[in-house]
Amino acid sequence: GAGVSQSPSNKVTEKGKDVELRCDPISGHTALYWYRQSLGQGLEFLIYFQGNSAPDKSGLPSDRFSAERTGGSVSTLTIQRTQQEDSAVYLCASSLGWGVPQETQYFGPGTRLLVL
Amino acid sequence: EDQVTQSPEALRLQEGESSSLNCSYTVSGLRGLFWYRQDPGKGPEFLFTLYSAGEEKEKERLKATLTKKESFLHITAPKPEDSATYLCAVQKGSMNSGYSTLTFGKGTMLLVSP
């Protein structure tokens, strides 16, 4: 079946602009995660959704970052007033839910964000 | 604080030259240890999950093992197509929270030359 999809695949923006990144999880997956991968760094957890709720937003680096999920499916990560340090690959993952092996996370291809 | 350390950072092998990648971790309440493969410009691809010390899993030329402090990814007779970055992640969570989070290492970049 179809995997996790993300759009756009690449985004170049100017400092101070807002950007929206989209994630379509695997059909039927109730859990959705956003991560950030910076050059030379490991994947950094940003936010977790169960259904449309976000019980864990602890990884969002500042209040410029927000995310929502609608219909228990598509999620959008929004970065307001982008800064150069926001440049990174933003990865989305989804899983069936809780328990073994449902909690295995499957990743999308990522959105490469470059802030000039 | 949870920590995941992968070594070496980079590894170059000749085709057919077997080796191992290491992932050492400190985490409270480990639920599982995951290995992913990441090709340039792509998202991580799931390889294995290990849940208890002594567990082993195999897939083609790859075998993952787990102890209480570390995991190894053994690559037997690698081929050039095995070239990728291999990521290790530890999963922690609780039945109360009803979800788990992954903490990733920085990865080992493997290059296999023909």
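Above this text sits the structure in question.
What you see is a predicted model, and the numbers here were worked out from it, not measured in a lab.

A. Structural detail: the overall build of chain A. Across its full length, chain A carries zero helices and eleven strands. Each helix and strand of chain A, ordered N terminal to C terminal, gives the series β-β-β-β-β-β-β-β-β-β-β. Computed over C-alpha atoms, the radius of gyration of chain A comes to 14 Å, within 12% of the 13 Å expected from 2.2 N^0.38 for 116 residues, which places it in the range of a compact globule. Referenced to the eigenvectors of the C-alpha coordinate spread, the extents of chain A come out at roughly 40 × 25 × 25 Å. Within chain A, the proportion of its 116 residues that are buried is 48%. Across chain A, every contact between residues at least 6 apart in sequence was considered, and the portion connecting residues at least 24 apart equals 53%. Accessible surface for chain A amounts to roughly 5300 Å². Of this, 48% is attributable to carbon and sulfur atoms. Averaging the positions of the 10 positive and the 11 negative side-chain charges in chain A gives two centres separated by 4 Å.

B. Quick look at the pairing of strand 11 (residues 111-115) of chain A. All names here are of chain A. On strand 11, burial follows the alternation: Thr111, Leu113 and Val115 on one face are buried, whereas Arg112 and Leu114 on the facing-out side are not. Two elements, strand 2 (residues 10-13) and strand 11, share four bridges in a ladder whose sense is parallel. Across the sheet, the residue bridging to Asn10 is Arg112, located in strand 11. Bridge count between strand 9 (residues 88-95) and strand 11: three bridges; the pairing is antiparallel. Within the sheet, the bridge partner assigned to Tyr90 lies in strand 11 and is Thr111.

C. Structural view of the sheet that holds strand 8 (residues 75-79) of chain A. Residue and element names in this part refer to chain A. If you walk across this open sheet you meet the four strands as 1-3-8-7, and the pairing is antiparallel. In this open sheet, the two edge strands, each paired with only one partner strand, are strand 1 (5-7) and strand 7 (65-69). Neighbour-to-neighbour, the strand axes of this sheet turn through a mean angle of 15°, independent of strand direction. Pairing between strand 7 and strand 8: five bridges, direction antiparallel. The residue bridging Ala67 from the neighbouring strand is Leu77, located in strand 8.

D. Representation of the interface of chain B and chain A. Between chain B and chain A, the contact holds 24 residues from the first and 23 residues from the second. With its nearest N and O atoms 2.6 Å apart, the salt bridge here joins Arg31 of chain B to Glu103 of chain A. Joining chain B to chain A, the criterion identifies four residue pairs in polar contact (both at pLDDT 80 or more). Take the side of chain B that touches chain A: its biggest share by element is five residues, from strand 10 (residues 99-104) of chain B. Looking at the side of chain B that touches chain A residue by residue, the class counts come to ten nonpolar, eleven polar and three charged.

E. Spotlight on the packing of aromatic side chains. By the definition in use, this model includes twelve aromatic pairs over all chains. Each ring, one from Tyr33 of chain A and one from Tyr35 of chain A, has its centre 6.4 Å from the other, and the planes form 25°; the classification is stacked. Among the residues examined, Tyr33 of chain A registers a relative accessible area of 1% and is labelled buried. A centroid spacing of 5.0 Å and a plane angle of 40° characterise the contact between Tyr33 of chain A and Tyr48 of chain A, whose relative ring orientation is tilted. Within this pair, whereas Tyr33 of chain A is found in strand 4 (residues 31-37), its partner Tyr48 of chain A is found in strand 5 (residues 43-50), the two being separated by 15 residues in sequence. We classify Tyr48 of chain A as buried; its relative accessible area is 2%. Chaining the aromatic ring pairs together yields one cluster made of Tyr33, Tyr35, Phe45, Tyr48, Tyr106 and Phe107 of chain A together with Phe34, Tyr36, Phe46 and Phe104 of chain B.

Rules of the game
Residues numbered from 1 in each chain as written. Chains lettered and ligands numbered in written order. Predicted model: local features only at pLDDT ≥ 70, side-chain atom pairs only at ≥ 80, totals over all residues. Heavy atoms only, no water. Helix = DSSP H or I, 4+ residues; strand = E, 2+ residues; numbered from the N terminus. Rg over C-alpha atoms; globule rule 2.2 N^0.38 Å. Buried < 20%, exposed > 50% of the residue type's maximum accessible area, 1.4 Å probe, protein only. Contact = heavy atoms within 4.5 Å. Areas by Shrake-Rupley, 256 points an atom, 1.4 Å probe, with all protein chains shown as cover. Lys, Arg positive; Asp, Glu negative; His and termini not counted. Charge placed at Lys NZ, Arg CZ, Asp CG, Glu CD. Pairing = 2+ DSSP bridges. Axes fitted to C-alpha atoms, helices over the stretch in contact; angles between N-to-C directions. Salt bridge = Lys/Arg side-chain N within 4 Å of Asp/Glu carboxyl O. Polar contact = N/O pair within 3.5 Å; in protein donor to acceptor, adjacent residues only side chain to side chain. Nonpolar A, V, L, I, M, F, W, Y, C, P; charged D, E, K, R; others polar. Phe/Tyr/Trp six-rings, centres within 6.5 Å; stacked < 30°, edge-to-face > 60°.

Purely spatial values, then, with no claim about function.
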